[in-house]
Amino acid sequence: MAAAGPSPGSLRQRRESSRRPPRDGYGVYVYPNSFFRYEGEWKGGKKHGHGKLLFKDGGYYEGEFVDGEITGEGYQHWAWSGNTYSGQFVLGEPQGHGIMKYKAGGHYEGEFSGGLREGQGFLEDQDGQVYQGSFHGNKKHGHGQMFFKNGDKYDGDWVRDQRQGHGVLCYTDGSTYEGQWHSNIWSGLGTLAHCSGVTYCGLWINGHPAAQAKRIVALGPEVLEVVQGSSFTLKVQLQQDDGEVAKSESGRVLKISAGVRYVQLPAYSEVSFFKMDEDHQETPIQTPFGFQCISYPLSFATSCGLEPRSSVEGARANLPLSKGDLEQALDNQGDTPSILPAERHEPRCPEACQRVEHGCAEFVDILLGPPPPGMQPFLFLPSMLEKAYRRPKGSQSPPEGAATSQEPPESTRSNGTTVELSAAAYLGEYVLMICDVTTPPFLGHRLPTAFKHLRVLAKGDSQSSQVPGDRPEALS
């Protein structure tokens, strides 16, 4: 008699048991939707202990399970993003401490909550930039440090991935900003210490200083009058657009230089113009006073062996020529009348640079020396021309005010001595130029050059002694 086969009831029971997860121990279970497959430890029909859960898209989790849930230490790979995580899990989400590695590059090590970066952590992005600090909602939020790929470093407050609040940014070039931020931009009160040495301490709006300097202003009268041979001081301000002093700014480097009017006016000086040697040709500089100038040497009284801030009387002792003496000094001179010193030399003072302090600077003991070699003066001497070229009645005389470089009539001084020549600049009109030479330029630009109209006078001369109508406005 043939053996009886399995009963229909036992087959049905076996098929139902294969669809149920294992009760206890180790087992493999494929879920009805076929997306999940688990192999590992079971307890009471639930995943419990160590196991591996595989997903149909190629992702998987391997680690600890508690009562059927992914909880504890584990490792997960997401096929759709390529990211991997190793660390603590709670109810299937990264939570606690762990390391997330991103397929695009970079990684995060720190605290998680609900699968997001939350708390303290260390993040290196795909560009190699590093952030270490506080996170909230997967974004940099709170206090933290950022090391940028160009070498800059920020230490301060963050709000949703943007620098906001108080922070310090140190640049690789040596510049440092410390102060308030908003949406990654300097905004509020802050101090910038620029690598050039310039500092700005004050209010910032949208990344720009609210009280920044826009121009250089040389203080004093419109036309500065100086007695020949004496030193003088020039005060300078950095001003904002509204004319207020830019007190928030310090450290900008200003350099002072001088020029002489290219063609002088006979009403103001015996000097008509300077003729340059062929080896010393230069392009005249346009000034805002309606005339051009050529560069002129500038020095300081202290560096040239004079007492600082020498008085007018002391300067006069070095100025042996009055207009009457000048007529005698011209006797037996060469083709071009000259009151140059017997030995001329280049100024031996260093470059005239000053750093601004709270929007102000001062150039002290400035001195205009004699014209350097290569500058040959042509003189306006109307009274002398009339005497030197006196003609019979009815003959034509040279026009008054004409320039001359011809040899004057020969004569000698009554005492037969040689005239001591002055080491001072000629009488006439000059220009002082104050340039911003800050290097590198502060915030990428320099201030425009400032000009000051300067007139060198003989002792006793004044505006009233000039031609009627001689006003600074007329000269400008």
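Along each chain, residues carry numbers from 1 onward, in the same order as the chain's sequence is written. At least 70 in pLDDT is required for a residue's local features to be given in this predicted model, at least 80 for side-chain atom pairs to be given and counted, and no such filter applies to totals for whole chains, interfaces and linings, which use all residues. Only hydrogens and water are removed before side-chain values are computed, so all heavy atoms of the structure are retained for them.

Draft legend 1. Representation of the overall build of the chain in the model. Counting its regular elements, the chain contains five helices and 31 strands. Accessibility here uses a 1.4 Å probe with only protein chains present; expressed as a share of the type maximum, an area under 20% marks a residue as buried, one over 50% as exposed, and anything in between as partly exposed. The buried share of the chain, taken over its 476 residues, is 39%. Contacts in the chain between residues at least 24 apart in sequence constitute 45% of all its contacts with a sequence separation of at least 6. Methods summary: accessible areas were calculated by the Shrake-Rupley approach with a probe of 1.4 Å, and residue burial reflects only the protein chains presented. For the chain, the exposed surface amounts to about 25300 Å²; the carbon and sulfur share of it is 51%. Runs of E in the DSSP output that reach at least two residues are strands. Runs of H or I that reach at least four are helices, and both are numbered from the N terminus. Any two residues having at least one pair of non-hydrogen atoms within 4.5 Å are treated as being in contact.

Draft legend 2. Up close: the pairing of strand E9 (residues 116-124). Bridge count between strand E8 (residues 107-113) and E9: six bridges; the pairing is antiparallel. Paired with Tyr108 across the two strands is Leu123, which belongs to E9. Here the rule is simple: two strands pair whenever DSSP picks up at least two bridges between them. Between E8 and E9, which pair antiparallel one after the other, the connecting turn spans two residues, and Gly114 there sits at a positive phi close to 60°. In the sheet, E9 pairs with strand E10 (residues 130-136) via six bridges, with the strands oriented antiparallel. Paired with Gln120 across the two strands is Ser134, which belongs to E10. Between E9 and E10, which pair antiparallel in sequence order, lie five residues; one of them, Gly128, sits at a positive phi of approximately 90°.

Draft legend 3. Examining the pairing of strand E2 (residues 36-43) more closely. With six bridges joining them, strand E1 (residues 25-30) and E2 adopt antiparallel strand pairing. Across the sheet, Tyr26 pairs through a bridge with Glu41, a residue of E2. Taking the residues that link successive antiparallel strands as the turn, the E1-E2 hairpin has five residues, and the phi of Ser34 there is positive, at about 65°. Two elements, E2 and strand E3 (residues 46-55), share seven bridges in a ladder whose sense is antiparallel. Looking across to E3, one finds that Arg37 is bridged to Leu54.

Draft legend 4. Region of the structure containing the environment of Pro377. One can find Pro377 in strand E29 (residues 375-379). With a relative accessible area of 1%, Pro377 lands in the buried category.

Draft legend 5. Molecular detail of the sheet that holds strand E20 (residues 232-239). The four strands lie next to each other as E18-E20-E28-E26, forming an open sheet whose pairing is antiparallel. Strand pairing shows two members of the sheet lacking a second neighbour, strand E18 (215-218) and strand E26 (298-300), which therefore form its edges. Going across the sheet, the axis of each strand differs from the next one's by a mean of 45°, ignoring polarity. Across four bridges, the pairing between E18 and E20 is antiparallel. Across the sheet, residue Val217 finds its bridge partner in E20, namely Gln237. Lines fitted to C-alpha atoms define the axes here, with helix axes fitted over just the stretch in contact, and angles between the N-to-C directions of these axes take values from 0 to 180 degrees.

Draft legend 6. Structural detail: a nonpolar patch on the surface. Only residues whose relative accessible area exceeds 30% and that take part in no salt bridge are eligible for patches, with like-charged residues grouped when within 9 Å of each other and nonpolar side chains (Val, Leu, Ile, Met, Phe, Trp, Tyr) grouped when within 5 Å. Within this document, salt bridges are pairs made up of a side-chain nitrogen of Lys or Arg and a carboxyl oxygen of Asp or Glu, the two lying within 4 Å of each other. Among the surface-exposed residues, Leu189, Leu203 and Ile205 lie close enough to one another that they form a single nonpolar patch of about 290 Å² accessible area. Taking relative accessible area as the criterion, Leu203 reaches 40% and is therefore assigned partly exposed.

Draft legend 7. Geometry of the nonpolar core. Each nonpolar core is a collection of buried residues, namely Ala, Val, Leu, Ile, Met, Phe, Trp, Tyr and Cys, held together in the definition by side-chain atoms within 4.5 Å. With 39 residues, the main nonpolar core has Leu234, Leu254, Ile256, Leu368, Tyr430 and Ile434 as its most contacted residues. Residues contacting Ile256, with those up to four places away along its chain left out, are Leu234, Leu298, Ala352, Phe363, Ile366, Leu432, Met433 and Ile434. Grouped together as the second largest cluster of nonpolar side chains are 30 residues, Tyr38, Tyr61, Tyr85 and Leu192 included.

Draft legend 8. Layout of the side chain of Lys140. Tracing the backbone through its elements, the reader meets Lys140 in strand E11 (residues 139-147). We classify Lys140 as buried; its relative accessible area is 13%. In this structure, Lys140 is in contact with Tyr131, Ser134, Phe135, Met146, Trp158, Val159, Arg160 and Asp161, ignoring residues within four places of it in sequence.

Draft legend 9. Representation of the packing of aromatic side chains. Two rings from Phe, Tyr or Trp (for Trp, the six-membered ring) form a pair when their centres are within 6.5 Å of each other. A pair whose planes differ by under 30 degrees is stacked, one over 60 is edge-to-face, and the rest are tilted. In this structure the tally under the stated criterion is 28 aromatic pairs. Measuring from centroid to centroid gives 5.3 Å for Tyr61 and Phe65, while their planes differ by 85°, and the two rings are edge-to-face. For the pair Tyr61 and Phe65, a shared accessibility class is recorded, and that class is buried. Arranged with centres 5.5 Å apart and planes meeting at 85°, the rings of Tyr177 and Trp181 form a pair that is edge-to-face. Pair check on accessibility: Tyr177 and Trp181 agree, each one buried. Put simply, a charge is over a ring when the Lys NZ or the Arg CZ is close to the ring centre, within 6 Å, and near the line of the ring normal, within 35 degrees. When the ring centre of Tyr60 is taken as reference, the NZ or CZ atom of Lys52 above it lies at 4.8 Å. One Lys or Arg, Lys140, reaches over the ring of Tyr131 and ends 5.8 Å from the middle of that ring.

Draft legend 10. Local environment of unusual backbone geometry. For the peptide bond that leads from Thr439 to Pro440, omega is -10°, which places it in the cis range. Turning to its location among the elements, Pro440 is positioned in the loop between strand E30 (428-436) and strand E31 (450-457). The phi dihedral of Leu443 falls on the positive side, at around 55°, and the residue is not glycine. Along the chain, Leu443 falls in the loop between E30 and E31.

Draft legend 11. Expanded view of the confidence of the model for the chain. pLDDT measures how confident the predictor is about each residue, on a scale from 0 to 100. Looking at the chain, the pLDDT average stands at 79 and 72% of residues meet or exceed 70. Note on residues 304-350: pLDDT is under 50 here. Beyond four places in sequence and across chains, it has 97 contacts.

Draft legend 12. The arrangement of the pattern of salt bridges in detail. Here the structure, examined in full by the defined rule, presents nine salt bridges. Measuring nitrogen to oxygen at the nearest pair gives 2.7 Å for the salt bridge that ties Arg252 to Asp436. Remark: Asp436 occurs in strand E30 and Arg252 occurs in the loop between strand E21 (249-250) and strand E22 (253-261); sequence separation between them is 184 residues. As far as the burial class goes, Arg252 and Asp436 line up, both buried. A single salt-bridge network, built from bridges that share partners, covers Glu225, Arg261, Glu429 and Arg455.

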